[in-house]
Amino acid sequence: MDDLVEALIAAAVAAGDAVYDPQWDLPLVAAPYNPIHTKIISGEAHFVRSGMDYALALFEAGRTERGERVLNAVLRLQDADPTSATYGVWPYWAEEPLSEMSPPDWNWADFIGELIALVLYRHGRTLTHGTADAARIGLRRAAESIIRRNVDIDYTNVAAKGAFVLLAAGELLADEQLTEHARDHLGRLHARLQEGRTFAEYNSPTYWHVVQQALTKIRQYVGDEQAAAQAAALERLAWEHFLARWHPATGRLSGPMARCYDTDIRLDKGELRPQGVRMILQRVDPAHWTIAGSSDITPAIGRAHDAVVDYRIPDDLLPRLSAAPDGMVVERFSQVHHLDEEFAGVSAADVRERDAVTLPAVGTTWFDGPRTLGTIAHSDTWLQRRPLLGFWAEPGDDPLDLHTPMRSVTAEAIRDGHAFSAGVFGSAQRDGTVLWTFGLACPGGDEHIHLDGIRPGEARATTRLLVRFTITGVEETATVLVDGAPLAAGKSAEGRDVAVRTPAVQLDWTLAAAGFRDQRPPVRVTRALDTVLIDVLWLDADTAEELVFSELGTAFAAGTLRMAAPDATREPAAAEVMTDGDVMRLAHVELALAARTTVGTHRDHALARRGR
């Protein structure tokens, strides 16, 4: 493993050296499209967090002089005004002050503070006096920002990061008051997670990695024995949570997912290279999950962070990384509270005696050899959600080969090319059969669940609004049928019954009912390259229309999806639908589901889901 750690650090340094700007002492990188928090969404700019990652990599490589220059450049960008709301926080980009962000991201106190703590733990004695003092001041400010914010414990990844930053600050600064805050913070996180034995930010590849990273650092670096023991217990819980939906046959996490950036965990920021999850598996089980040799580690500035974290898996859990699960896993992740005035469901801390309808976030995941499918019972459709997600492997597929195609099925709501957060997804699942519904909520989010929400009476210019099921990894030799007729590659057809047949899987999709403004929307099925798109077209106009979402009236789609072995007997195709006012009730085989057919608040949809 020493070779892999060395390769990770070398890859981080190489990536940082390639984009280092000596004028700013920071990495100059491409700014990705991100409509939230920042107005810098294209071109190049100096990314502050990458600067801190690069500083850590430089110190690990023994390049202290440049490391100090980069570290000091980052420290100078922190808000140092104790009277400011963003005290202790950093901007995303050096070119964009906190006052110009929309809005600032308070998580940056946690994300950058933890890297400062690592530098001080590992290299504090080699820093010059001035840099060491500046780093300790920066860590203190970050810790004080975290205490002021007092983040909801159900915001698990940030709560875990904050626990490490607070514990490190208390220890490195010899500040007993900070230490007491840290013990309380970690104690509340430990109690919440141990009580539920699960995570509100359930089954997230990105944030499972973040949480595991933070907990491991507490166990590894912090001297407080009680804190280290609590963190170790939560490390184990995080592994159990991960393994409940890990699918060795495809080398992927099955659905559903609360928060996800890349559905394919072979991707890291959109590029084909082992993502954090896959690198952790390689660290803890190199005999079975070595995806890339140390000489093949691709450059990425963030690699150094994982290199200095001592990931471990309990010995009794290790065999489950390679064992093929079978059957269903059903888990209640959390309680979600739905209010008329909110853009999305909220946690208990945000209810404050308001009139909320509470629904459990229940996930179901089915495993059948090379096939897996998972759904959440009730969810919004923010771009980070994976409310329905399944994978399969074809004969000869290698889960260790980064170039093996991802074969998957997903579902989402889309408005003008982006995932639409105001969608409402509902499901009931038994084995590989899912009864599903989509609707619309207002108020509801647009691209984000609450930062750019659409309020009642507000119009948004819209050209296309649709429900989309995406099936990827379909080989050219596979059979695709639309209402029983073959669909060739590069062609589209309309229909309400879609079948995909491959050597490893049969997928059957049907539309039971749909409506939009009291009209019956068409379904367009498109086969392009290795992808099949099934679009329920609520709106498909030539020119934009000013849609007032709260006044749309009918907006829903409902149907079934089945994933099965290629020799399985097909079930009855259509679900039964009964409508009672604004609520429809669906039944299919042994499944039943209630959902709203008209636009309503999230509370309205939750009431319909409960059958009221």
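Being a predicted model, the structure only gives us computed values, none of them experimental.

Draft legend 1. Representation of empty space enclosed by the protein in the model. Using the criterion set out here, one finds five cavities of 30 Å³ or more in the structure. Around the largest cavity, the lining is made up of 15 residues, and of these Thr250, Arg252, Pro399, Thr404 and Pro405 lie nearest the centre. In terms of residue class, the lining of the largest cavity is made up of six nonpolar, two polar and seven charged.

Draft legend 2. Examining the layout of surface pockets more closely. Taken as a whole, the second largest pocket holds about 390 Å³ of empty space. Lining the second largest pocket are 17 residues, with Arg192, Gly196, Phe333, Ser334 and Gln335 sitting closest to its centre. Mapped onto the lining of the second largest pocket, the elements with two or more residues apiece are helix H7 (176-196) and strand S8 (326-338). Residues belonging to the lining of the second largest pocket are distributed by class as follows: seven nonpolar, six polar and four charged.

Draft legend 3. Representation of the sheet that holds strand S18 (residues 479-482) within the structure. Strand order in this open sheet of eight strands is S11-S15-S16-S25-S22-S21-S18-S19, and the pairing throughout is antiparallel. Pairing within the sheet leaves two strands with one partner each, and these edge strands are strand S11 (378-380) and strand S19 (485-486). Pairing geometry for strand S16 (residues 433-440) and strand S25 (residues 555-564), over seven bridges, is antiparallel. Bridge pairing in S25 places Phe438 opposite Ala557. Its contacts with the sheet put helix H13 (residues 602-609) on S11, strand S15 (423-430) and S16, and the angle it makes with S11 is roughly 160°.

Draft legend 4. Representation of the sheet that holds strand S26 (residues 576-580) within the structure. Strand order in the open sheet formed by three strands is S26-S27-S28, with antiparallel pairing between adjacent strands. In the strand order of this sheet, the two ends are held by S26 and strand S28 (591-596), each with one partner. In this sheet, neighbouring strand axes are inclined to one another by 20° on average, regardless of whether the strands run parallel or antiparallel. Note: S26 against strand S27 (residues 583-588), five bridges, orientation antiparallel. Residue pairing for S27: Met578 is matched across the bridge by Arg585. Each of S27 and S28 touches H13; the most contacted strand, S28, lies at about 155° to it.

Draft legend 5. Looking closely at the pairing of strand S12 (residues 388-392). Summarising burial for S12: five of the five residues are buried, a large majority. Where strand S10 (residues 371-376) lies against S12, five bridges are found, and the strand directions are antiparallel. Bridge assignment links Leu373 to a residue of S12, and that residue is Gly390. Taken together, the three bridges between S12 and strand S13 (residues 408-415) define a ladder with antiparallel strand orientation. Counted as the bridge partner of Leu389 is Thr410 from S13.

Draft legend 6. Fine view of helix H10 (residues 276-284). Where burial is concerned, most of H10 is hidden: nine out of the nine residues are buried. Restricting attention to buried positions, one finds in H10 the residues Gly276, Val277, Arg278, Met279, Ile280, Leu281, Gln282, Arg283 and Val284. Contact partners of the buried residues in H10: helix H1 (2-19), helix H8 (205-221), helix H9 (225-243), strand S4 (246-247), helix H11 (286-289) and helix H12 (303-307).

Draft legend 7. Just the nonpolar core, in detail. Met52, Ile116, Ile218, Trp239, Phe242 and Leu321 are the most contacted members of the largest nonpolar core, which has 110 residues in total. Setting aside residues no more than four positions away along its own chain, Leu321 makes contact with Trp239, Phe242, Leu243, Trp246, Pro248, Leu281, Val284, Asp285, Trp289 and Ile313. Membership of the second largest hydrophobic core comes to 54 residues, among which are Phe469, Ile471, Phe549 and Val599.

Draft legend 8. Spatial organisation of the pattern of salt bridges. Within the structure shown, the criterion is met by 41 salt bridges. Here Arg252 and Asp264 are joined by a salt bridge, their closest N and O atoms 3.4 Å apart. Remark: Asp264 occurs in the loop between strand S5 (252-253) and strand S6 (267-268) and Arg252 occurs in strand S5; sequence separation between them is twelve residues. Using a relative accessible area of 5% as the deciding quantity, one classes Arg252 as buried. Residue Arg415 is joined to Asp446 by a salt bridge in which the shortest nitrogen-to-oxygen separation is 2.9 Å. You can see Arg415 sitting in strand S13 and its partner Asp446 sitting in the loop between S16 and strand S17 (459-472), a full 31 residues away along the chain. Accessibility assignment for this pair places Arg415 and Asp446 in one class, buried. Salt bridges sharing common partners tie together Arg415, Asp416, Asp446, Glu458 and Arg460.

Conventions and cut-offs
- Residues numbered from 1 in each chain as written.
- Predicted model: local features only at pLDDT ≥ 70, side-chain atom pairs only at ≥ 80, totals over all residues.
- Heavy atoms only, no water.
- 1 Å grid on protein atoms, 1.4 Å probe; cavity = no way out; pocket = protein on both sides within 12 Å on 5 of 7 lines; lining within 4 Å.
- Points joined across faces, edges and corners; volume = space filled by probe spheres on them.
- Nonpolar A, V, L, I, M, F, W, Y, C, P; charged D, E, K, R; others polar.
- Helix = DSSP H or I, 4+ residues; strand = E, 2+ residues; numbered from the N terminus.
- Pairing = 2+ DSSP bridges.
- Contact = heavy atoms within 4.5 Å.
- Axes fitted to C-alpha atoms, helices over the stretch in contact; angles between N-to-C directions.
- Buried < 20%, exposed > 50% of the residue type's maximum accessible area, 1.4 Å probe, protein only.
- Core = buried A, V, L, I, M, F, W, Y, C linked by side-chain atoms within 4.5 Å.
- Salt bridge = Lys/Arg side-chain N within 4 Å of Asp/Glu carboxyl O.

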